[in-house]
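# Understanding the architecture of this molecule
Below, each chain spelled out in residue letters.
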Protein chains: 2
Amino acid sequence: MALIVQKYGGSSVRSTERIKRVAERVVATRGEGHDVVVVLSAMGDTTDRLLELARQVSDLPSPRELDMLLTSGERMANALAAMAIHSLGADACSLSGPQAGVITTSAYGKARIVDVTPRRVRQALDRGAIVLVAGFQGLSPETEDITTLGRGGSDTTAIALAAALKADVCEICTDVDGVYTADPRIVPEARRLEHITFESMEEMAASGAKVLALRSVEYARRCGVTVLVRSSCHTGPGTTVSGSADDDRGEHGDHGAITGVAHDVSCAKVAVTGVPDRPGTVARVFRAVADAGCEVDTAVQNVPGPAGGVRDITFLLPGDGAPAAVAALREIRAGTGFAEVHQDDDVAKVSVIGGGMRARPGATATFCEALAEAGVNIEIMSTSEIRISAVCRTARLHDAIRALHRAFGLDRTPGTTPDKTLDHTEAVPQT
Amino acid sequence: MALIVQKYGGSSVRSTERIKRVAERVVATRGEGHDVVVVLSAMGDTTDRLLELARQVSDLPSPRELDMLLTSGERMANALAAMAIHSLGADACSLSGPQAGVITTSAYGKARIVDVTPRRVRQALDRGAIVLVAGFQGLSPETEDITTLGRGGSDTTAIALAAALKADVCEICTDVDGVYTADPRIVPEARRLEHITFESMEEMAASGAKVLALRSVEYARRCGVTVLVRSSCHTGPGTTVSGSADDDRGEHGDHGAITGVAHDVSCAKVAVTGVPDRPGTVARVFRAVADAGCEVDTAVQNVPGPAGGVRDITFLLPGDGAPAAVAALREIRAGTGFAEVHQDDDVAKVSVIGGGMRARPGATATFCEALAEAGVNIEIMSTSEIRISAVCRTARLHDAIRALHRAFGLDRTPGTTPDKTLDHTEAVPQT
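Keep in mind it's a predicted model, so treat the numbers as computed, not measured.

Moving on: the overall build of chain A. Scanning chain A for helices and strands turns up 12 helices and 20 strands. Over its C-alpha trace chain A gives a radius of gyration of 23 Å, about what one expects of a compact globule, namely 22 Å for 431 residues. Seen through its principal axes, chain A has C-alpha atoms that stretch 80 × 55 × 35 Å. In chain A, which comprises 431 residues, the proportion classed as buried is 56%. Counting only contacts in chain A whose residues sit at least 6 apart along the sequence, the fraction spanning at least 24 positions is 74%. Roughly 17700 Å² of accessible area belongs to chain A as shown, and the carbon and sulfur atoms make up 51% of that amount.

What follows is the structure, encoded as structure tokens:
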């Protein structure tokens, strides 16, 4: 008998019909003899509808009150799922984040979990109940207020609970049936990965893969929680996220362990031109961006020519933060003496990720050649130990993804189905 | 500077537009220099929509989970109102029932408030904030769960908070601008009362007047909280509920203090016929009704004639509880030996209420004469010290109300407006 934490996202509970299906699935898991803790998100577009109500009463809603408002969404989904489980004859008990002992910082809207004291979860499990915990929320002991965890919060709730309860596995049940080598809607040849390391999953998430939020993967790695990404509708094997980069499996023989191709269209390229070549000016530019709450992704600067003491700085920002950053930059323009700020939203980032990149000196060359052959112009490029990224025009993104997927040997063998290729019984040599 | 608790019902906050209006009103009260605590119900039909969702996932939702689900409604309204108050430049803080220290029994769906420990409310008031408290909910220390208070719960929340905070007044802001001598939609001559005693208000509420729930009036009387029933839209003087029956004002000179006419259409008449005239059988009938969770209102039994040892028992039940009671009675029919059970939903109850009834020996005669003249047949009749009630056909109810309102001298003087008649400056002699 195992202890399993299962997390279901908003689209898995978007209607009462879907909630009933989740209930059936949860009861089936319990029927196999396992203890089950379920973490639910709010139903479908509930959060968006609540945000719209908030917008109607306030231009700038208080973060504390916004958290009070939004956390109702998960509580409702949770209580409804408990009722649906009761209807199937099983015992269930829904708990809010604070009731489940999810302790967070007091940063409303983007709180971080600092501890989980799951006394009530354990009590309910001990009496044989399936325990449902509202995702995305916790309690700040400092303010005694309810908080929300920000993006990917329900995944993090599930992983933190799994860690605190020493669960055997944390299943993230979602719209897709696992982590793919690329978005299958763009690359039909993309394959589901049977396994991915925390390190590669973090790079995939940081590079725009939507299946797991970066923060939740970091939490899982730190606490050593084995995560299984699987479909909320089907019972396929999914993708296991666990282990360190050294475990990366060389699924592609000579090609080494290349995990996949990730992409991100929610970014903006900002260029600051004519920056005087004086000590401190570049720092002032990035300080202004940071103070606007914006994380700089990839930055490049050209070297001033022999003619003049000015340079251009170009960097990538998250699209939703760019306007604030650009406004902040315009404010310091006179003081800093640079010429202009441009924002370009028509850009996308494509990345190839994999622990095997280390042992593959020609990877960057392969990357550039593939894009060149596909006629994709690289505007900015950056690399980490296990990732190569390029910024290109949004219109060229799909071609870039497909070219890289092919060039790095990720296309599945023609004539095989994804599940066959990655069958559990198939021996995969370790790198 | 006073401490004022204001309660707004569901229709007062049924849209974000209405929430903004409530916010303006609350901020205006604060602007007069008062400390303000606001208790809100859920927005409009939120509770009904949540109940419908619950019905979709379960035929018989768990009361615990239902409370978890429904209490989200008040939290949402509360958080939105806090945001709306912020937009007007005032400080506000929304608290759930448990956060506000509303301690209840653990009877989910119909919990009773046992204590209020408003530490956080006081803290927020002390720093100058308007405090919003989610009505209708509390925390059961026994189960550590959130509970709902049942019918009229938000009124009770407001009154209990007013008592715990030693507030100067508890304003119940509602759709109507006060307590009337009868429903003005039925009796155009009905007048708003300037003042009503707790005792008369309790009888009005118990007799079907919707403006305040019985339980909340009992709470107010027990704790000595002065209640002001007033419109949530207009700024009229409303109706003050306070004081004992001895304070009842003889607003109508020689007629003594007759408060008003209340009516109740949500009742059912149940007749048990041919009950054997043996000790204990009548008790078994009423035990079965009580065990079905039904409160018997008015009961009559005929005296067995000389011919036979059977009698008929007829009583009034709340309409929504009658089917369960009738089913329970049918189950004990064979064992008890009675002949039949009939349920009749086509009945209504009309009551005349007032502390002055004591000093008015002819009241019952006046009551019966008025109904006889109006051609209304009395099916069951009952009296208390300050009330006379009759059960009649639903179709005859409006005529009965109008006849009693006239006969007991409650019609307003022709040519005067209600507010004129009851103007604050008009001296009203005490009885």
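All names here are of chain B. With antiparallel pairing, the four strands of this open sheet are ordered in space as E15-E16-E14-E17. If you trace the sheet from one side to the other, it starts and ends with strand E15 (299-301) and strand E17 (340-344), each paired once. In this sheet, neighbouring strand axes are inclined to one another by 15° on average, regardless of whether the strands run parallel or antiparallel. Pairing of strand E14 (residues 267-276) with strand E16 (residues 310-318), which is carried by eight bridges, proceeds in the antiparallel orientation. Within E16, the position partnered with Ala268 by the bridge is Leu317. Together, E14, E15 and E16 form the strand contacts of helix H8 (residues 281-291), whose direction differs from that of E16 by roughly 20°. Those strands touched by helix H9 (residues 322-331) are E14, E16 and E17, and its axis lies near 170° from that of E17.

Attention now moves to the side chain of His405 of chain A. Residues and elements named next belong to chain A. Tracing the sequence through the fold places His405 in helix H11 (residues 397-407). In this structure the side chain of His405 is engaged in a polar contact, spanning 2.6 Å, whose partner is the side chain of Thr181. Ignoring sequence-local partners within four residues, the contact set of His405 consists of Thr181, Ala182, Val187, Glu189, Ala190, Val261, Leu410 and Asp411.

Our next topic: the interface of chain A and chain B. In this assembly, 40 residues from chain A lie in contact with 40 residues from chain B. The junction of chain A with chain B conceals about 3200 Å² of combined surface from both sides, 56% of it contributed by carbon and sulfur atoms. Considering only the side of chain A, the residues that lose the most area to chain B are Val57, Arg75 and Met83 of chain A, jointly responsible for 21% of the buried surface there. Counting the contacts that link chain A with chain B gives four salt bridges. Of the charged contacts, one joins Glu144 of chain A and Arg119 of chain B as a salt bridge, the two residues approaching to 2.8 Å between their closest N and O atoms.

The next subject is the pattern of salt bridges. Residues and elements named next belong to chain A. For the coordinates displayed, the defined rule picks out 46 salt bridges over all chains. Across the pair Lys7 and Asp155 runs a salt bridge whose closest N-O atoms are separated by 2.8 Å. Taken as a pair, Lys7 in strand E1 (residues 3-8) and Asp155 in helix H5 (residues 153-164) lie far apart in primary sequence, 148 residues in all. Looking at Lys7, the relative accessible area reads 9%, which means it is buried. Residue classification places Asp155 among the buried residues on the basis of a relative accessible area of 6%. Measuring nitrogen to oxygen at the nearest pair gives 2.9 Å for the salt bridge that ties Glu65 to Arg64. Classification of Glu65 by relative accessible area gives buried; the value is 0%.

Now for the relation of the copies chain A and chain B. Placing chain A over chain B gives an RMSD of 0.1 Å and needs a rotation angle of 180°, together with 0.0 Å of translation along the axis. One copy is carried onto the other by what is essentially a two-fold rotation axis. No C-alpha of chain A lies nearer the rotation axis than that of Ser72 of chain A, which sits 2.6 Å from it. Most of the interface of chain A is mirrored in chain B, where 100% of its interface residues again form contacts.

With that out of the way, let us pick up unusual backbone geometry. Non-glycine residue Lys166 of chain A carries a positive phi angle of around 55°. As for its position among the elements, Lys166 of chain A is in the loop between H5 and strand E9 (169-174). Of note, Glu144 of chain B is a non-glycine position whose phi angle comes to about 60°, a positive value.

Rules behind the numbers
Residues numbered from 1 in each chain as written. Chains lettered and ligands numbered in written order. Predicted model: local features only at pLDDT ≥ 70, side-chain atom pairs only at ≥ 80, totals over all residues. Heavy atoms only, no water. Helix = DSSP H or I, 4+ residues; strand = E, 2+ residues; numbered from the N terminus. Rg over C-alpha atoms; globule rule 2.2 N^0.38 Å. Buried < 20%, exposed > 50% of the residue type's maximum accessible area, 1.4 Å probe, protein only. Contact = heavy atoms within 4.5 Å. Areas by Shrake-Rupley, 256 points an atom, 1.4 Å probe, with all protein chains shown as cover. Pairing = 2+ DSSP bridges. Axes fitted to C-alpha atoms, helices over the stretch in contact; angles between N-to-C directions. Polar contact = N/O pair within 3.5 Å; in protein donor to acceptor, adjacent residues only side chain to side chain. Buried area = accessible area lost by both parts, 1.4 Å probe. Salt bridge = Lys/Arg side-chain N within 4 Å of Asp/Glu carboxyl O. Least-squares fit on C-alpha atoms with pLDDT ≥ 70 in both.

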